[in-house]
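# Fold and contact review
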Amino acid sequence: MKKLVFLTGAGMSAESGISTFRDSGGLWEQYPVEAVASIEGYYRNPELVIRFYNERRRQLLEVTPCEGHRLVAGLDSSYDVTVVTQNVDNLHEKAGSHNVIHLHGELMKATSSRDPNNPSCIVTLPEDSLDIHMGDKAKDGSQLRPFIVWFGESVPMIEPAIMEVQSADILVVIGTSLNVYPAAGLLSYARSGCQIFLIDPNDVNFDPSLPIRHIKKGASEGMKELIQILTCSNPI
Ligand code: APR
């Protein structure tokens with residue numbers, strides 16, 4: 001089976017109704033990114049940050065995967081698929097993707113403020129008790145916090161993601177402005193001969209030396225076109 005790796009960003013979930021970050025009307029226009037998405041912001045005002053992610057989590061329960069998520073998941077039966085996502089939502093999993101690497105954490109999980117990547121402190125929040133409160137404790141006794149990788153923090157899942165991209169036969173980038181590193185640097189690990197596609201309705205800044213085929217459409221329409229191309233050029 002050919003190895004197909006997706007790298008997805010906020011645009012992947014835009015058609016489900018979740019705002020992107022940097023488009024006009026995006027989340028970072030409404031909220032100061034350094035206040036709600038940096039480790040310094042969390043130290044400064046943990047209550048505000050915890051409340052911000054409680055709201056995001058409640059919104060997530062109101063949305064469902066879009067056709068694009070479902071088309072990605074549908075490829076699991078024909079390819080060896082890994083989805084590397086910058087999204088903290090669980091819409092790839094809900095659509096049925098089995099192999100998902102979350103680079104920037106997961107909204108439905110909480111962890112320790114002292115040691116956020118300690119696996120024994122990471123818990124999934126139950127759907128009937130979604131909110132984190134000040135005073136809630138992680139297993140190590142520290143304040144429970146969202147399991148989100150904030151600006152200023154390390155990205156431990158980048159190593160497994162690099163290994164996936166290095167062994168990809170086909171790499172498909174969907175809905176990311178490629179502004180945030182180390183995720184944006186993943187493209188440079190594609191081996192020569194790897195087919196690279198980009199699905200995004202807008203122009204995206206990427207290394208012009210990379211042989212990228214841009215499908216200039218939204219995630220769902222773009223996935224339909226990709227599947228057509230793959231079926232013609234790589235009979236499965
Ligand atoms: N389908 C596909 N792509 C879309 C769609 C759509 N329907 N609508 C918008 N887009 C594209 C935009 O053109 C843009 O290129 O999605 C991209 C969204 O870019 P950003 O808002 O910058 O989101 P992303 O790249 O995922 O951000 C990376 O930054 O704020 C941090 O941690 C956060 O994971 C996030 C990271």
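Preceding this paragraph is the structure being described.
Residues numbered from 1 in each chain as written. Predicted model: local features only at pLDDT ≥ 70, side-chain atom pairs only at ≥ 80, totals over all residues. Heavy atoms only, no water.

## Brief notes about the nonpolar core
Heads up, the rule is: Residues enter a nonpolar core if they are buried and are Ala, Val, Leu, Ile, Met, Phe, Trp, Tyr or Cys, with the set joined through side-chain atoms within 4.5 Å. Each residue gets one of three labels from its accessible area relative to the maximum for its type: buried under 20%, exposed over 50%, partly exposed in between, using a 1.4 Å probe on protein chains only. In DSSP terms, a helix is any run of H or I states spanning at least four residues, a strand is any run of E spanning at least two, and both are numbered starting from the N terminus. Any two residues having at least one pair of non-hydrogen atoms within 4.5 Å are treated as being in contact.
Counting 26 residues, the largest nonpolar core has L7, V84, L103, L171, L186 and L187 as the members making the most contacts within it. Here the element with the most residues in this core is helix α8 (residues 158–166); it accounts for four residues. Here L186 is in contact with L7, V84, L103, I158, A161, I162 and V165, once residues within four sequence places are set aside. Counting residues in hydrophobic clusters, the runner-up holds 24 residues, among them V36, Y42, L144 and W150.

## Brief notes about the environment of P65
With respect to the helices and strands, P65 occurs in the loop between α5 (46–61) and α6 (67–74). According to the relative accessible area criterion, P65 is buried, its value standing at 14%. Linking P65 and C121, residues 56 residues apart in sequence, is a C-alpha distance of 28 Å. Contact partners of P65, with chain neighbours within four places excluded, come to S16, R70, L91, K94 and A95.

## A look at α6
Here is the rule: Think of it as the arc spanned by the lines of direction from the helix axis to the C-beta atoms.
G68, H69, V72 and A73 are the residues of α6 that are buried. One side of α6 carries all its buried residues, which in axial view fall inside an arc of 135°. Of the surrounding elements, those touching the buried residues of α6 are β1 (3–8), α1 (10–14), β2 (80–85), α7 (91–95), β7 (170–174) and α9 (219–233).

## What about empty space enclosed by the protein?
Stated precisely, the cut-off is as follows: A cavity here means a set of points on a 1 Å grid, drawn over the protein atoms and nothing else, where a 1.4 Å probe fits but cannot get out; a pocket is an open set with protein on both sides within 12 Å along at least five of seven lines, and a residue lines either one if it has an atom within 4 Å of a point. Grid points are joined across faces, edges and corners, and a volume is the space filled by probe spheres set on the points. Each residue is assigned to one class: nonpolar for Ala, Val, Leu, Ile, Met, Phe, Trp, Tyr, Cys and Pro, charged for Asp, Glu, Lys and Arg, and polar for all the others, Gly among them.
Taken as a whole and judged by the stated rule, the model has one cavity of 30 Å³ or more. Volume-wise, the largest cavity comes out at about 50 Å³. The wall of the largest cavity is formed by P116, N117, R145, F147, I148, V149, E153 and S154. When grouped by side-chain class, the residues that make up the lining of the largest cavity number four nonpolar, two polar and two charged.

## Focus: the packing of α6 against α9
Note the threshold: Only the stretch in contact is used when fitting a helix axis, every axis being a line fitted to C-alpha atoms; angles between N-to-C directions are given from 0 to 180 degrees. To sort the angles, those under 35 degrees are grouped as roughly parallel, those over 145 as roughly antiparallel, those from 65 to 115 as roughly perpendicular, and the leftovers as oblique. The hand of a helix crossing depends on one turn: near helix anticlockwise from the far one by less than a right angle means left-handed, and clockwise means right-handed.
In contact at an axis separation of 7 Å, α6 and α9 are set at 30° when each is read in the N-to-C sense. As far as their axial angle goes, α9 and α6 are roughly parallel. Seen from above, α6 lies across α9 with left-handed handedness. Seen from α6, the contacting residues are E67, G68, L71 and V72; seen from α9, they are A219, S220, M223, K224 and I227. For the contact of α6 with α9, the per-class residue count stands at five nonpolar, two polar and two charged.

## Topic: the packing of aromatic side chains
As a reminder of what qualifies: When two rings of Phe, Tyr or Trp (its six-membered ring) have centres within 6.5 Å they constitute a pair, described as stacked for plane angles under 30 degrees, edge-to-face for angles over 60, and tilted for the intermediate range.
This structure, assessed with the given rule, holds six aromatic pairs. Ring plane angle 40° and centroid distance 6.5 Å describe the contact between Y42 and Y43, whose orientation is recorded as tilted. Judged by its relative accessible area of 61%, Y43 is exposed. Plain terms: the ring middles of F52 and Y53 are 4.9 Å apart, the flat faces sit at 90° to each other, and that makes the pair edge-to-face. These aromatic residues form a ring-pair network of at least three members: Y31, Y42, Y43, F52, Y53 and W150.

## Some remarks on the sheet that holds strand β8 (residues 195–199)
By way of backbone hydrogen bonds, the strands of a sheet pair with one another, either parallel or antiparallel. Note the cut-off: Whether two strands pair depends on DSSP finding at least two bridges between them.
Taken together, the six strands give an open sheet; going across it, the order is β3-β2-β1-β7-β8-β9, and neighbouring strands pair in parallel fashion. Looking at the sheet topology across the chains shown, the edges are occupied by β3 (100–102) and β9 (212–215). Adjacent strand axes in the sheet meet at a mean angle of 20° when their direction is disregarded. Two elements, β1 and β7, share five bridges in a ladder whose sense is parallel. Within β7, the residue paired with T8 across the bridge is I174. Here α9 sits on the sheet and contacts β1, β7, β8 and β9; the angle it forms with β8, its principal contact strand, is near 155°.

## A look at the site of the ligand
Here is the rule we go by: Throughout, near means a residue has at least one heavy atom within 4 Å of the molecule or strand. N or O atoms closer than or at 3.5 Å make up a polar contact, with two conditions inside protein: a donor-capable atom paired with an acceptor-capable one, and, for residues adjacent in sequence, both atoms drawn from side chains. Residue exposure ignores everything except the shown protein chains as possible cover, and the areas themselves are Shrake-Rupley values with a 1.4 Å probe.
In the region of the ligand, 22 residues are neighbours, and F21, T176, S177, D200 and N202 sit closest. Taking T176, its side chain carries an N or O atom lying 2.7 Å from an oxygen atom of the ligand. Within the contact set of the ligand, an oxygen atom lies 2.7 Å away from a side-chain nitrogen or oxygen of N202. Considered on its own, the ligand offers 740 Å² of accessible surface; in the complex 92% of this is hidden by protein. For the shell around the ligand, the leading source of residues is α1, giving three residues. When its residues are assigned to classes, the shell around the ligand shows eight nonpolar, ten polar and four charged.

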